[in-house]
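Chains, contacts and geometry: an overview
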Amino acid sequence: MSVTIKEIAVFSNTGSKRFIPFKEGLNIITGDSKTGKSALIEIVDYCLFASRSSVPVGKITDFAELFVVVYKVNDFYIVIGRPAPKTGNMSSAYLKIETDHKTIEDIKYDYFNDISLKPIKNDVQTDFEELLGLSLKKLESDYESFGKLSIRDTVSFLFQHQNLIANKHALFYRFDDLVKRKRVIQALPVLLGVADSEYYQLVKLIKETERKIVAEQKSFRRHSTKNIKPN
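Let us look at the structure shown here. Since the structure is predicted, the reported quantities are computational estimates derived from the model, not experimental observations.

What follows deals with the overall build of the protein chain. In terms of regular secondary structure, the protein chain is built from six helices and eight strands. Counting from the amino terminus, helix and strand elements in the protein chain follow one another as β-β-α-α-β-β-β-β-α-β-β-α-α-α. By residue count, 38% of the 231 residues in the protein chain fall in the buried class. Sequence separation of 24 or more characterises 55% of the internal contacts of the protein chain that already satisfy a separation of 6 or more. A total of about 14,600 Å² of accessible surface is found on the protein chain, and carbon and sulfur atoms cover 53% of it.

As structure tokens, then:
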């Protein structure tokens, strides 16, 4: 599956728009320091349903009423709109699928008037993950339970923060979080496209078989001990 970002946009409450379109292939964003380049990653992260916003406080957050990211997935487009934290609606988001790019080529604020604002948890995020093929419901590593694969597990895989690029001790973005690190390592086979639900079913089968073997060994030792008669 091919997924690329077509556009990042920010709308004010009056409908004013600030946006950056992206073309196929390599896109390079340049500009002076403190002009918002790094904030683009945080906007994408926020529109990938982060529990909080890491968009730097300042001009962007003062302006923003709605953050939008348009993704191209194979031959269709996914529009994600997430209200800014100051709106009090950050637990909800907009999601719409488009097949014709012309309908969103110059997306407006009122585009979202006809889209329902739905809860992120167990609704918009789940729909988004299924559209991206992240629909594996139960994963297990070779040493412990993993749980459901989430779009949040992909963020560290997708982005390299500028402060970590040259850090030989860090492979992924935000790997200082131990829980996040463990989840990303466990999700890596899926993110690399080398494992699917069948792989994790086999891992689970192996673990269950190993537990049965250990149980049988213990049972055998108990019975063997009982059958040994003292001289």
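The subject of this paragraph is the environment of Ser150. You can see Ser150 is positioned in the loop between strand S8 (145–147) and helix H4 (155–158). In sequence terms Ser150 and Arg183 are 33 residues apart; their C-alpha atoms lie 9.7 Å from each other.

Right, let's talk about the pairing of strand S3 (residues 66–73) for a bit. Counting buried residues along S3, seven of its eight residues qualify, which places the element largely inside the surrounding structure. Where strand S1 (residues 3–11) meets S3, eight bridges bridge the pair, whose relative direction is antiparallel. Across the sheet, the residue bridging to Thr4 is Lys72, located in S3. Where S3 lies against strand S4 (residues 76–83), eight bridges are found, and the strand directions are antiparallel. Considered in S4, the bridge of Phe67 is made with Arg82. Taken together, S3 and the strand that follows it, S4, pair antiparallel across an intervening segment of two residues, in which Asn74 is found at a positive phi of about 55 degrees.

A word on the pairing of S4. Most of S4 sits inside the fold, with eight of its eight residues counted as buried. What you see with S4 is no split at all: Phe76, Ile78, Ile80 and Arg82 on one side and Tyr77, Val79, Gly81 and Pro83 on the other are buried throughout. Examined bridge by bridge, S4 and strand S5 (residues 92–98) share five bridges and lie antiparallel to one another. Bridge pairing in S5 places Val79 opposite Lys96.

Let us now look at the packing of aromatic side chains. Counting across every chain of the model gives seven aromatic pairs. Residues Phe49 and Phe128 carry aromatic rings whose centres are separated by 5.6 Å and whose planes lie at 75 degrees to one another, so their mutual orientation is edge-to-face. You can see Phe49 sitting in the loop between helix H1 (39–46) and helix H2 (59–63) and its partner Phe128 sitting in helix H3 (residues 120–131), a full 79 residues away along the chain. With respect to class, Phe49 is no different from Phe128; both count as buried. Summarising the aromatic geometry, the rings of Tyr71 and Phe128 are spaced 5.3 Å apart at their centres and angled 55 degrees between planes, so their arrangement reads as tilted. With Tyr71 in strand S3 and Phe128 in helix H3, this residue pair connects regions lying 57 residues apart in the sequence. Take Tyr71 and Phe128: they sit in the same class, and that class is buried.

What follows deals with the nonpolar core. Ranked by internal contacts, the top residues of the largest apolar core, which has 36 residues, are Leu48, Phe49, Phe67, Tyr71, Ile78, Ile80 and Phe128. Those elements that place two or more of their residues in this core are S1, H1, S3, S4, S5, H3 and helix H5 (178–191). Among residues more than four places away in sequence, those in contact with Phe67 are Ala9, Val10, Ile43, Tyr46, Cys47, Val55, Ile60, Ile80, Gly81, Arg82, Ala84 and Pro85. In terms of nonpolar packing, the next biggest core, distinct from the first, is built from 13 residues, Val70, Tyr77, Ile104 and Phe112 among them.

Calculation criteria
- Residues numbered from 1 in each chain as written.
- Predicted model: local features only at pLDDT ≥ 70, side-chain atom pairs only at ≥ 80, totals over all residues.
- Heavy atoms only, no water.
- Helix = DSSP H or I, 4+ residues; strand = E, 2+ residues; numbered from the N terminus.
- Buried < 20%, exposed > 50% of the residue type's maximum accessible area, 1.4 Å probe, protein only.
- Contact = heavy atoms within 4.5 Å.
- Areas by Shrake-Rupley, 256 points an atom, 1.4 Å probe, with all protein chains shown as cover.
- Pairing = 2+ DSSP bridges.
- Phe/Tyr/Trp six-rings, centres within 6.5 Å; stacked < 30°, edge-to-face > 60°.
- Core = buried A, V, L, I, M, F, W, Y, C linked by side-chain atoms within 4.5 Å.

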